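Here is what each chain is made of, one letter per residue.
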Amino acid sequence: MNFLRGVMGGPSAGPQPSGADTIQKLCDRVASSTLLDDRRDAVRALKSLSKKYRLEVGIQAMEHLIHVLQTDRSDSEIIGYALDTLYNVISNDLEEEEQEENSAKQVDDLGSQFTEIFIKQQENVTLLLTLVEEFDFHVRWPGVKLLTSLLKQQGPQVQQIILVSPMGVSRLMDLLADSREVIRNDGVLLLQQLTKSNAAIQKIVAFENAFERLLDIITEEGNSDGGIVVEDCLLLLQNLLKNNNSNQNFFKEGSYIQRMKPWFEVGDDNCGWSAQKVTNLHLMLQLVRVLVSPTNPPGATSSCQKAMFHCGLLQQLCTILMATGVPADILTETINTVSEVIRGCQTNQDYFASVNAPSNPPRPAIVVLLMSMVNERQPFVLRCAVLYCFQCFLYKNQKGQGEIVSTLLPSTIDGNSVSAGQLLCGGLFSTDSLSNWCAAVALAHALQENGTLKEQLLRVQLATSIGNPPVSLLQQCTNILSQGDKIDRRGSKVQTRVGLLMLLCTWLSNCSIAVTHFLHNPANVPFLTGQIAENLGEEEQLVQGLCALLLGISIYYNDNSLENYRKEKLKQLIEKRIGRENFIEKLGFISKHELYSRAAQKPQPSFSSPDHMMFDHEFTKLVKELEGVISKAIYKSSEEDKKEEEVKKTLEQHDNIVTHYKKVIREQDQELEELKQRISTLTSQNEQLQATVTQQVSQIQQHKDQYNLLKVQLGKDTQHHNSHGDTLQMNGIQTEEVSKLKEELEEWKNKHELLQGQLKEKDSVIEKLNSSQLEMGATEQSLQTSRFGGLEHSNELQKELEMLRSQLQLQAAEISKLQMENQKLQVMNTAADPMLGDSGAPAAMSSELEARLEQEIKELKSQVKALSEEKESLKQQLDSSTSTVAILQDKNSRLEREVAESKKEQDDLLVLLADQDQKISAQKMKLKDFGVAVSQGMDLGSSWV
């Protein structure tokens, strides 16, 4: 115990042992003690000495500490001491006092060497992974810290060991679910080190639900208002997503982009942002840029851009962009983020064009940003960000390009408001060289790959001063270029000239009309040849190279419309004043420049200082495309040019023929498709009609079966009635039927009484008619005696007599009819009286049943008649359907003949096109023999399909 008191600082007599001796004794005690308490005390002592005597503890005690981890797993306290000791030995996170004593290099070497010793046996790392699974705080936390330190020292080696270890990564993912924040936060730091530059581990961590857990932690901590834990989670997310297409796709498909929107919800009061909030928001913006980086595959970037628009993330970023009080670095990063979210996405670009700044009156966000770009008082990084935003807005956006150029045209200029075109012209001709360069590059992007706008921009006229006529924008650019040394500017004069030359090169490339306008000014060609021929300093060599490029473009895209500046004359001028070799050498200065190589790496303009701002990324692509063809064009002779022109004309003719036949084939394809659709429609109609016919045939068969069944049933009922009519009994009649028969008899009685009353009325009428007949006879006699009373009166009486006789005959017929009905009623009355008297008689019931059977037979006959009529109608429908099918089949055969004829015509056209292809390829071979580079526009023969 005296030994332990000496180690722990207690009083002791005699000389004090050295640190190395003490550590040796403690190691012996750890190795030889059988009591757990003694070993624990020795390990605790080693822990206390491990910071001061790091080297000695690492050399002498590491093996014993690893043995303790293997054998004393049951005691969490000694395991915790051993892990802490190993952490102190391996970690380089020393205190300031110790850093003063030891050099940084020595510290790094120690940690790396001890880590290498520890991981030499892979079982040690596996053992550590097992200990990290323990829930005990005193074991798990030191284990996490030790593993993190190992990854910092020997990251790739430890990553490989964990990767091949069974469930190694999954064990570490459980740390994010620990309820103790200390372990959870250190677990995030551990995963940061684990996922660095290892795509395989990144994928495993992502598919272990890391995105969900990390986003939950960020939300719990308060999003951008959270502390350093949010920063650590964001750094881990960047590790998982950056340059990992699989994880980016998984992040998008898991709808995690939607969960990023609340990060950027900032209030109206944006003053007093804490440093941690600025850091968090900066990392959040960088995370968005990771998902839409131009270096990602285009399909993945496009899908993320669309998702950000639909979830409202882009709208939220634009809100920050237009807000007040936002720190400058956050505003700059927000502009860069919005730039990449809208780059190449038409929907997002259209939305950005509609965003207005909260000013009075409201101004478009693009105009406000351009005002910042051409304002020399704004920070340099902010101006670069605005330029990048403008470039991304115009990237593959012909609609946006047209809107920008339209603000420069005379018919659309509004004098009451500031437009984007006016700001660009103002920056282009200001006295600040950086504004000149930015405005020239921005305007060049408005013309990128858009020949129509290049021609429209030639219409722009500028008022230089009062009393002088306006000059074109092209002329003003060349005037400033030629007078660059005479104008006093702030900044680099070379920068202004480079910017204007890049604009002119972009404007004139692939636009013969613009080349003609440029050559029409007699001062331009002498200026260019003079600049190229001079022997200037290294700084001016870049300007010489760009002048050579501009002159080469004027030759290559020259349509020979100006007699004094035809291709041949310009090449002769170069030969005399400059020399071809010298011209090609000056042209090569561009691609050999260091700033050119930097600009060609990525689209975003990132420069350490304004002096390095020389080249634009898109312009480097143009130089790469034109440098070779211009060099070949300079060395061509006039005869070769003539042959090339002839070949070009021939190719154009062939191209026109090919285009014509393509059009014919396209039209025939459309007709063929229409015929196929008609055939499919008629086929479907035919199938429907056939199905209808089949259905009707089945219905007819069903009706036939029903008819036959009814005939059989009718025959059976008749036989049954004949054989059993005499043996019917009362017990076969239901009570309801008897009551119905009684009701019918009552009705017959009532009818009988009514008819008797009517008969009496008729008898009285007969008597009256008889008496009237006697009177009429007497009247007739009196009329005969008084015939001389007048002829007209006699005729009237004669007519009246005839009428009376006819009435008498009708009444007599009616009387006879009523008598017959009376007799029938009497017969029925006599037949009904016995039935009323004796309703239970079998004979009466038999007669009644016979009457009912006769009624049913009549009904069945009527049904049979109706079925036969329906059968006839169905036969008629079947005949009409059969005729329709025959007509459709006739149409189908005719359409098939038309299709065959179309295919034959198409085969003939294909043969003709093959002949044309052979001729074109022969012409190409001739061109290649003459040294002419065949461009993609001429290479149509291989893509006619």
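Residues numbered from 1 in each chain as written. Predicted model: local features only at pLDDT ≥ 70, side-chain atom pairs only at ≥ 80, totals over all residues. Heavy atoms only, no water.

J.: Summarise the overall build of the chain; cite the residues concerned and give the values.
T.: Along the backbone of the chain there are 40 helices and four strands. Relative to its full complement of 945 residues, the chain shows a buried share of 43%. When contacts within the chain are restricted to residue pairs at least 6 apart in sequence, those whose partners lie at least 24 apart make up 73%. When the accessible surface of the chain is totalled, it reaches about 50,700 Å², and 51% of it is carbon and sulfur. (Helix = DSSP H or I, 4+ residues; strand = E, 2+ residues; numbered from the N terminus. Buried < 20%, exposed > 50% of the residue type's maximum accessible area, 1.4 Å probe, protein only. Contact = heavy atoms within 4.5 Å. Areas by Shrake-Rupley, 256 points an atom, 1.4 Å probe, with all protein chains shown as cover.)

J.: Mind laying out the state of the cysteines, listing which residues take part and the relevant values?
T.: Inspection of the entire model under this criterion finds zero disulfides. There is no disulfide at Cys477, and the cysteine sulfur nearest it, in Cys425, is 8.1 Å away. Overall, Cys477 belongs to the buried group, its relative accessible area being 0%. (Disulfide = S-S within 2.5 Å.)

J.: Go over helix α24 (residues 398–406), please, and point to the residues and values.
T.: Inspection of α24 places Gly400, Gln401, Ile404 and Val405 among the buried residues, and these make up the whole buried set. Along α24, the residues classed as buried sweep out an arc of 130° about the axis, all on the same side. On its buried face, α24 sits against α23 (380–394), α25 (420–428), α26 (433–446) and α27 (451–457). (Arc of directions from axis to C-beta.)

J.: Go over the pattern of salt bridges with me, naming the residues and quoting the values.
T.: Evaluated as defined, the whole model comprises 26 salt bridges. Between Arg259 and Asp216 there is a salt bridge, and its shortest N-O distance comes to 2.7 Å. With Arg259 in the loop between α16 (245–253) and α17 (275–291) and Asp216 in helix α14 (residues 210–220), this residue pair connects regions lying 43 residues apart in the sequence. What makes Arg259 partly exposed here is its relative accessible area of 27%. (Salt bridge = Lys/Arg side-chain N within 4 Å of Asp/Glu carboxyl O.)

J.: Could you give me a rundown of a negative patch on the surface, with the residues and numbers involved?
T.: A contiguous patch of negative charge, built from Glu667, Glu671, Glu674, Glu898, Glu901, Glu905, Asp907 and Asp908, is present on the exposed surface. Secondary-structure elements contributing two or more residues to the negative patch are α37 (638–724) and α40 (842–929). Counting residues per element, the negative patch draws most heavily on α40, which supplies five residues. In this fold, Glu671 is placed in helix α37. (Patch = residues over 30% accessible without salt bridge, like charges linked within 9 Å, V, L, I, M, F, W, Y side chains within 5 Å. Lys, Arg positive; Asp, Glu negative; His and termini not counted. Charge placed at Lys NZ, Arg CZ, Asp CG, Glu CD.)

J.: Please set out the packing of aromatic side chains residue by residue, giving values where relevant.
T.: On inspection of all chains with the given rule, the structure shows 13 aromatic pairs. Where Phe137 meets Trp141, the ring centres are 5.4 Å apart and the plane angle is 25°; that geometry is what we call stacked. In this pair, Phe137 and Trp141 are both assigned in helix α9 (residues 137–153), four residues apart and thus about one turn of the helix distant. The interplanar angle of 35° and the centroid separation of 5.9 Å between the aromatic rings of Phe211 and Phe250 together place this pair among those described as tilted. Remark: Phe250 occurs in helix α16 and Phe211 occurs in helix α14; sequence separation between them is 39 residues. Judged by its relative accessible area of 0%, Phe211 is buried. An aromatic cluster of at least three residues, connected via ring pairs, comprises Phe207, Phe211, Phe250, Phe251 and Tyr256. Between the NZ or CZ atom of Lys145 and the centre of the ring of Tyr87, over which it lies, the distance is 5.1 Å. Over the aromatic face of Trp141 sits the side chain of Lys145, whose NZ or CZ is 4.1 Å from the ring centroid. (Phe/Tyr/Trp six-rings, centres within 6.5 Å; stacked < 30°, edge-to-face > 60°. Lys NZ or Arg CZ within 6 Å of the ring centre and 35° of its normal.)

J.: I'd like a rundown of the confidence of the model for the chain, residues and numbers included.
T.: Mean pLDDT over the chain: 81, with 76% of residues reaching 70 or higher. Here residues 1–14 scores under 50 on pLDDT; set against residues more than four positions off or in separate chains, the count is eight contacts. Confidence over residues 724–734 falls short of pLDDT 50; this stretch has 11 contacts with residues more than four positions distant or in other chains. (pLDDT = per-residue confidence, 0-100.)

J.: Can you lay out the environment of Phe135 for me, pointing to particular residues and giving the numbers?
T.: As for its position among the elements, Phe135 is in the loop between α8 (122–132) and α9. Accessibility expressed as a relative area gives 58% for Phe135, which makes it exposed. Distance from Phe135 to Asp178, taken between C-alpha atoms, is 8.9 Å for residues 43 residues apart in sequence. Other than its neighbours up to four places away in sequence, Phe135 contacts Arg140 and Arg180.

J.: Could you give an account of helix α33 (residues 567–577), with specific residues and numbers?
T.: Among the residues of α33, those classed as buried are Lys567, Leu570, Lys571 and Ile574. Projected down its long axis, α33 carries its buried residues within an arc of 100°, all on one side. At the exit of α33 stands Gly579, carrying a positive phi of roughly 95°.

J.: Which residues make up a positive patch on the surface, and what values do they have?
T.: A contiguous patch of positive charge on the surface is contributed by Arg678, Lys891, Arg894 and Arg897. In terms of residues, the positive patch owes the most to one element, α40, which gives three residues. Assignment of secondary structure puts Arg897 in helix α40.

J.: Help me get a handle on unusual backbone geometry, residues and values and all.
T.: With a phi close to 55°, Glu449 is a non-glycine residue in the positive phi region. Positionally, Glu449 belongs in the loop between α26 and α27. Phi at Asn560 is positive, roughly 60°, even though this residue is not glycine. With respect to the secondary-structure elements, Asn560 resides in the loop between α32 (538–556) and α33.

J.: Account for the packing of helix α12 (residues 181–194) against helix α15 (residues 228–241), naming residues and giving values.
T.: Viewed as axis vectors pointing N to C, α12 and α15 meet at an angle of 30°, and their least axial separation amounts to 9 Å. As judged from the angle between their axes, α12 and α15 are roughly parallel. Considering only the axes of α12 and α15, their crossing is left-handed. Contact residues: Arg184, Asn185, Val188, Leu189, Leu191 and Gln192 in α12; Val229, Asp232, Cys233, Leu235, Leu236 and Asn239 in α15. Of the residues in the contact of α12 with α15, the class split is seven nonpolar, three polar and two charged. (Axes fitted to C-alpha atoms, helices over the stretch in contact; angles between N-to-C directions. Parallel < 35°, antiparallel > 145°, perpendicular 65-115°, else oblique. Left-handed = near helix turned anticlockwise from the far one by under 90°. Nonpolar A, V, L, I, M, F, W, Y, C, P; charged D, E, K, R; others polar.)

J.: Please give an account of the side chain of Gln248 that cites residues and values.
T.: If you trace the backbone, Gln248 turns up in helix α16. Note on Gln248: relative accessible area 2%, which makes it buried. In this structure the side chain of Gln248 is engaged in a polar contact, spanning 2.8 Å, whose partner is the backbone oxygen of Leu241. Not counting the four nearest positions on each side in its chain, Gln248 is found in contact with Leu241, Asn243, Val290, Leu291 and Asn296. (Polar contact = N/O pair within 3.5 Å; in protein donor to acceptor, adjacent residues only side chain to side chain.)

J.: I'd love a proper account of the environment of Asp329, names of residues and values included.
T.: In this structure, Asp329 sits in helix α20 (residues 328–342). By relative accessible area, which is 40% here, Asp329 ends up partly exposed. Remark: the alpha-carbon pair of Asp329 and Thr279, spanning 50 residues in sequence, is separated by 9.9 Å. Excluding residues that lie within four positions of it along the chain, Asp329 makes contacts with Val278 and His282.

J.: Report on the environment of Leu86, specifying residues and quantitative values.
T.: Looking at where Leu86 falls in the secondary structure, it is placed in helix α5 (residues 76–90). Owing to a relative accessible area of 0%, Leu86 belongs among the buried residues under this scheme. Residues within four places of Leu86 in sequence aside, it is in contact with Met62, Leu65, Leu69, Phe118 and Leu146.

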